[in-house]
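Coordinate analysis (summary)
Each chain is listed here by its residues.
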Amino acid sequence: MSTTDVMVEIRGVHKSFGRLDVLRGVDLEVRAGSVTVVLGPSGSGKSTLLRIVNRLERSDRGFVTIDGELIGYRRSGERLYELREREVLRQRTHIGFVFQNFNLFPHLTVLDNITEAPVNALGRSRSEARTRALELLDRVGLADKADAYPRQLSGGQQQRVAIARALALDPKVLLFDEPTSALDPELVGEVLDVIKDLARAGTTMIVVTHEIGFAREVADTVVFMDGGVVVEQGAPADVLDHPRHERTRAFLSKVL
Ligand code: ADP
Ligand code: MG
C-alpha cells in the first residue's frame, strides 16, 4: 500500500483506564475508499479505538493520522505539541461519527440537525447548508422528513438522519459504532442499505458491527479485535471463513 492511498493510519495506540489496559498496541491502515469492518467481543476496545480516531478520547501512546494529518498534535521538528480544543474541533469535522443511539438533537428538526454543524462549524451559509441537507435526506430516502422532529421517526429513520448529518460535513472518513445495535430487527436492513450505498460511492468507512452478513458483502477488510489488540485482519472470505486464530474462531462460532 503506498502511503498516498492511506486515509486512516493508526500506529501503536495504547489506552488504559486506571489499571485496565483497554488498547495494547493497535496498528491499522485504512485505504481511501475502502470499508473496514471491526469485529470483536464486548469490551475488546472497539469503541475506544473509534473514539481515539476522532479524539473524543486521547491515546496514552501511539498516534492517528487522517489523510496524512496527525490528529490532536502539531509536529514541530522532533517534538509534538498538543493541539488546542478549537483545532481539534476543526480536525473532527473531517471525521464523521455515527453512534449506536443516533444522538440527534431532540429539540431540532431533521433539517436543523443536519445543517447545524455545517453552519456553525464550517461557516457555510444557511441556504447552502439547507440545499445540501435536502440532497442528503433524499440520498438516505427521507426527503419527506425534513421538518419532522427525531421523536416522530422510527429508529431506522433516525439513524439514517444521523448518517446524513455526518455526511453534511463532507468527512474524509465515516466511523460507525454499532449503527444497528439499537434497532428493532426489521429496521436493520434499511440502515445497512444506506451504508452499502455509501460504500459503492467510495466513502472511506470504519464500521464496528456484529452484522457478519454485511461484513461479508461490503467489507474490503475485516479486523478481529480481542483484548485490546488486532488478533487478525484480512479479506472477509479469509477472516470469516478461514480464521487463523482460535479466538477468532470462537467468536465467530457465537455470532454466526
Ligand atoms: P467495546 O466497544 O469493544 O465493547 P469499549 O472500548 O467500549 O469496548 O470498552 C473496553 C473496556 O474499556 C471495557 O471494559 C470498558 O468498560 C472500558 N472503558 C471504556 N471507556 C471507559 C471509561 N471512559 N472509563 C473507564 N473504563 C472504560
Ligand atoms: Mg462498543
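See the structure above.
Everything in this summary refers to the structure shown in the same document. Remember, predicted model here, so these are calculated numbers, not experimental data.

What about the sheet that holds strand 10 (residues 205-208)?
The six strands are arranged 8-9-10-3-11-12 in an open sheet whose pairing can be described as mixed. With one partner strand each, in any of the chains shown, strand 8 (95-98) and strand 12 (229-234) form the two edges of the open sheet. For this sheet, the mean inter-axis angle between neighbouring strands, taken without regard to orientation, is 20 degrees. Here strand 11 (residues 221-226) runs beside strand 12; their pairing, made up of five bridges, is antiparallel. The partner of Asp 226 across the bridge, within strand 12, is Val 229. The strands that helix 1 (residues 46-53) touches are strand 3 (35-39), strand 8, strand 9 (173-177), strand 10 and strand 11; relative to strand 9, the one it contacts most, it runs at about 150 degrees.

Brief notes about the sheet that holds strand 2 (residues 20-31)
The strand order 2-1-4-5 describes an open sheet built from four strands, whose pairing is antiparallel. In this open sheet, the two strands that pair with only one neighbour each are strand 2 and strand 5 (69-70). Summarising the sheet, strand 1 (residues 6-17) and strand 2 pair through nine bridges and their orientation is antiparallel. Note on strand 2: the bridge partner recorded for His 14 is Arg 24. Running over the sheet, helix 1 touches strand 1, strand 2 and strand 4 (61-66) and is turned about 120 degrees from strand 1.

Side note on the packing of helix 3 (residues 110-120) against helix 5 (residues 155-167)
Axis separation between helix 3 and helix 5 bottoms out at 8 Å; the angle between their running directions is 25 degrees. The angle between helix 3 and helix 5 falls in the class roughly parallel. Classified by chirality, the crossing of helix 5 by helix 3 is right-handed. Contacts between helix 3 and helix 5 pair Val 110, Asn 113 and Ile 114 from the former with Val 161, Ala 164 and Arg 165 from the latter. Each residue belonging to the contact of helix 3 with helix 5 can be placed in one class, and the counts come to four nonpolar, one polar and one charged.

Notes on the pairing of strand 6 (residues 73-76)
It is a general feature of regular strands that their side chains alternate between the two faces of the sheet. Sheet topology note: the strand 6/strand 7 (residues 79-82) ladder contains four bridges and is antiparallel. Paired with Ser 76 across the strands is Arg 79, a residue of strand 7. Count of turn residues in the strand 6/strand 7 antiparallel hairpin: two residues, of which Gly 77 carries a positive phi of about 60 degrees.

Cut-offs applied
- Sequence order as written defines residue numbering, which begins from 1 separately in each chain.
- The naming scheme follows written order: chains are lettered A onward, ligands numbered 1 onward.
- In keeping with the predicted nature of the model, local features appear solely for residues at pLDDT of at least 70, side-chain atom pairs appear and are counted solely at 80 or more, and the whole-chain, interface and lining totals rest on all residues.
- Only hydrogens and water are removed before side-chain values are computed, so all heavy atoms of the structure are retained for them.
- Think of it this way: DSSP has to see at least two bridges between two strands before they count as a pair.
- Helix numbering and strand numbering both begin at the N terminus, where a helix is a DSSP run of H or I of at least 4 residues and a strand a DSSP run of E of at least 2.
- Only the stretch in contact is used when a helix axis is fitted, and all axes are lines through C-alpha atoms; the angle between N-to-C directions ranges over 0 to 180 degrees.
- Residue contacts follow a heavy-atom distance rule, with two residues in contact if any of their heavy atoms lie within 4.5 Å.
- Should an angle fall under 35 degrees it is called roughly parallel, over 145 degrees roughly antiparallel, and 65 to 115 degrees roughly perpendicular, with every other angle called oblique.
- By convention, the crossing between two helices is left-handed when the near helix turns anticlockwise from the far helix through less than a right angle, and right-handed when the turn is clockwise.
- Gly falls in the polar group here, along with every residue not listed as nonpolar (Ala, Val, Leu, Ile, Met, Phe, Trp, Tyr, Cys, Pro) or charged (Asp, Glu, Lys, Arg).

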